[in-house]
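# Structural characterization, general
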Amino acid sequence: MGVEQKLGNMGFVTTTLEEVVNWSRTRALWPLLSGLACCAIEMMAAEGAHYDMSRFGMELMRPSPRQSDLLIVAGRVSQKMAPVMRRLYDQMPDPKWVIAMGDCASCGGVFNNYAVVSGVDELMPVDVYIAGCPPRPEALVHGIITLYDKIKQEKIKGRA
Amino acid sequence: MTQLEEVAVDQIKHLVSERAVQGETMLLNMGPQHPSTHGVLRLLLELDGETIVNCIPDIGYLHTGIEKNMESKNYTQVEVMTDRLDYLNTVGNNLAYSMAIEKLVDLDVPYRAQSIRVILAELQRISSHLIWLGTTGLDVAAMSTFLYCFREREAILDILEMVSGQRMMTTYIRPGGVWRDVPVEFEAAVRDFIKTFPRRIDEYEALLTRNPLFLDRTFGIGTISSDVAVNFGVTGPSLRATGVDWDLRKNRPYCGYDQYDFEVPTRSEGDVYARYIVRIDEMRQSLRIVEQALDKMPIGPVRSNNHKYIPPPRSEIGVSMEALIHHFKLWTEGFSTPKGAIYEAVESPRGELGVYIVSDGSPKPYRIHWRTPSFDNLQALPYMAKGLLVADLVAIIGSIDIVLGDVDR
Amino acid sequence: MKPELESIVKTLTKAFKAKSSEFRGDVTVDIAPEMIVDACKMMNDELGFTQLSTMTAIDNGPDETPRFNVLYYFNSMLHNLRLGFLVPVSGEAPTLPTVSGIFRNANWRERELWDMFGIKFEGHPDMRRIFMPTDWDGHPLRKDYSLGYEEPQFTFNYKEIDKRKTYAKE
């Protein structure tokens, strides 16, 4: 007969503040519509009806960086596009997370030349890397679940 | 690298009208990250209120240096990079490259492989037009077509995955034929698709073709006449919508297209609505071709047996010295091609996709140039958009069907 | 060679004192740089080649003359034929007259040649870089421009590359 049981009968739940904050942050992440190349097509397929991203609350891809909190870099980042991606990242309000989707965003991919930036982690800190060329929509969903696990472990003190 | 360069009015003074320099008209940036530009395309608009006075496209945000990268790989490794050019027509890119290599080294292709190539190329054309329909519908605010089209596309991607193991970047069509024979379930899956798809196209047409809202947004918008279109280098459905009957599958048949009975749809108005009708009709004709190719597919080998260029089968390597030597040469150095330069083109869903290879006798290409259709189609955009509203510009960009991987290479 | 193509090639070789060559069915005519505008005008107005399909250049190396061979490839929908011109260009700052007044899609194609090879076109309305950023140094598709190849990170050199590689921390 502990406190939890007694409170549970009365309709109360005990938890920590961190857990509640992290839980609410994972439940509806809004991604920014930043599809660059081939991986964007697989991202759109993941958004379709077969592999539904709407069950994560993500069917709405916000076009404006001010209203989103997840940046999925899907596709290769060229030299001309690199400062634009950095500016989009800067315009997003805190808390924000970055997923590098595909081989080109993680490490430069098939292209090892003057025109492609070798991995978007040269421009911004990345939370989850998803491998594949292009990764299947199920791999993208797995990456999002991995991001949830990462968010659930965040501490309030450490972030500030 | 992380400093964004600001383009002042002085740098583009020669492109905009006088009124922009004086401040009468507004310069608006429709930036690389935009929901309606179908990729990373930047447009500088000079607006007088809501009317467009000048539209200046700025490309290069997806430049990958593919042409230079291909000069440092041998011919087999180059094919892997060809998928990533026009990423909605990956089978077509492989087909163009394989046909160019076959022309260069004078290689034969067995009939069964040609039928399989035609089936996959036409399925890829249907899949590309479905994505076009979904995203263009999304631009003119028809969201349900987006979800339906992606559902159809899953059926086609299942067929591609069954055949090659990959959904998009298949690299299945290789010089000399195709990589390996199709599995047993292929025919049943394609026939199932042929049975269910025509009703679906009727559903999409019922949603859009006579819808007064759709007609208001697309009829009479973005017209271009046929001489101007030919002068701009426009090819593909955008050209056929202006009245010019030019299709490489009929005029310069390849891969056995002359044995199939199909029509090439054309319209004469040259506006957004005409391009929509042409592409919907093309999907139906592609289905006809797939059915005929499946019926006429002969039994036989699927790859040429000229082992100077094609790897010998695994079973032969243990018993034949020649097969072992060929295998060794192909895996270490790659095959060499005769000296010279050729050009070969196929009809992609966007127009004429051509590849120009200059060979100097070594196993690596000396220079490869890709004639991509979206590069020339996009140049007609400022001409089509003059004097229209910004909302019409969105519909026009959707209708020319550009893929930025094609434009920027 | 098809008979119509032969007669067209004969007209061109007579008018511009050019040579023609054929390989696997593709015909190219060598034209001198001064005569390219007249040749393109003749192709568009009289000979029925109304579409400029593509324009590109081939770099023969910094020690060869001519340094570049610029290819103009034409498409004729009337006769269903294809023909190419090869124009030799050389020098430290190679230039050619522009054909963007005759074929409108030469506009971006010539900008691409300036960006990738460094060939300037006189009379072009808008000579700027098209693929690379405006302050980029060098012309990438030349043979003496390095590929920009970065060493891949395997387990045996993981730590060394990790030290030199730039990561963004925030």
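Now for a description of the structure that goes with this document. (Residues numbered from 1 in each chain as written. Chains lettered and ligands numbered in written order. Predicted model: local features only at pLDDT ≥ 70, side-chain atom pairs only at ≥ 80, totals over all residues. Heavy atoms only, no water.)

## Thoughts on the nonpolar core
Where we set the bar: What is meant by a nonpolar core is a set of buried Ala, Val, Leu, Ile, Met, Phe, Trp, Tyr and Cys residues, joined one to another through side-chain atoms within 4.5 Å. Think of it in three bands: with a 1.4 Å probe and only protein chains considered, a residue is buried below 20% of the maximum accessible area for its type, exposed above 50%, and partly exposed in between. The criterion used for residue contact is that any of the two residues' heavy atoms lie within 4.5 Å.
Formed by 203 residues in total, the largest nonpolar core has its most connected members in Tyr87 and Leu393 of chain B together with Tyr72, Leu83 and Phe85 of chain C. Discounting residues that sit within four places of it in the chain, Phe85 of chain C has contacts with Leu12, Val29, Ile31, Ile36, Ala39, Cys40, Met43, Val70, Leu71, Tyr72 and Phe74 of chain C. Membership of the second largest hydrophobic core comes to 22 residues, among which are Met43, Trp97, Met101 and Ile144 of chain A.

## Focus on the interface of chain B and chain A
Note the cut-off: By definition, a salt bridge exists where a carboxyl oxygen of Asp or Glu is found within 4 Å of a side-chain nitrogen of Lys or Arg. Polar contacts here mean pairs of N or O atoms no more than 3.5 Å apart (in protein, one a potential hydrogen donor and the other a potential acceptor; neighbouring residues in sequence count only if both atoms are side-chain atoms). Only DSSP runs of H or I covering at least 4 residues are called helices, and only runs of E covering at least 2 are called strands; the numbering of each starts at the N terminus.
With 39 residues of chain B at the interface, the matching set in chain A holds 40 residues. In this assembly, chain B and chain A are joined by 3 salt bridges. The salt bridge partner of Glu42 of chain A is Arg167 of chain B, with a shortest N-O separation of 3.1 Å. Applying the counting rule to chain B against chain A returns 13 residue pairs in polar contact (both at pLDDT 80 or more). Those elements that place two or more of their residues in the side of chain B that touches chain A are α2 (66-70), α5 (111-139) and α6 (143-164) of chain B.

## With respect to the pairing of strand β6 (residues 340-348) of chain B
Residues and elements named next belong to chain B. Where we set the bar: Following DSSP output, two strands are said to pair if at least two bridges run between them.
Most of β6 is tucked away: 7 of the 9 residues are buried. One ladder, built from 9 bridges, connects β6 with strand β7 (residues 351-359); its direction is antiparallel. Bridged to Glu347 within β7 is Glu352. Hairpin connection from β6 to β7: 2 residues lie between these consecutive antiparallel strands.

## Section: the sheet that holds strand β3 (residues 51-58) of chain B
All names here are of chain B. Operational definition: Convention adopted: a line fitted to C-alpha atoms gives each axis, helices being fitted over their contacting stretch, and angles between N-to-C directions are expressed from 0 to 180 degrees.
Read from one edge to the other, the open sheet built from 3 strands follows the order β1-β2-β3, with strand pairing classed as antiparallel. Of all the strands in the sheet, the pair left with one neighbour each is β1 (26-30) and β3. Ignoring strand direction, the axes of neighbouring strands in this sheet form an average angle of 25°. Sheet topology places β1 next to strand β2 (residues 42-48); 5 bridges connect them, and they run antiparallel. By the bridge assignment for β2, Leu28 is matched with Leu45. Sitting on the sheet, helix α17 (residues 390-400) is in contact with β1, β2 and β3, with an inclination near 150° to β2.

## Describing the sheet that holds strand β3 (residues 97-101) of chain A
In sheet architecture, strand pairing relies on hydrogen bonds along the backbone and comes in two forms, parallel and antiparallel. Residue and element names in this part refer to chain A. Spatial ordering of the open sheet is given by β1-β2-β3-β4, a layout of 4 strands whose pairing is parallel. Of all strands in the sheet, those with a lone pairing partner are β1 (31-32) and β4 (128-130), marking the two edges. Across 5 bridges, the pairing between strand β2 (residues 70-74) and β3 is parallel. Pairing of Val73 across the sheet is with Ala100, part of β3.

## Things to note about the interface of chain B and chain C
Using the following cut-off: Buried surface area refers to the total accessible area, computed with a probe of radius 1.4 Å, that the two partners give up upon joining, counted for both partners together.
Each side of the interface is counted separately: chain B has 53 residues, and chain C has 49 residues. Interface area for chain B against chain C, summed over the two sides, is near 4,300 Å², with a carbon-plus-sulfur share of 52%. Area buried by chain B at its contact with chain C is led by Lys68, Asn231 and Arg252 of chain B, which between them contribute 16% of it. Where chain B touches chain C, the interface holds 4 salt bridges. Taking the shortest distance from any N to any O, the salt bridge between Lys103 of chain B and Asp26 of chain C comes out at 3.1 Å.

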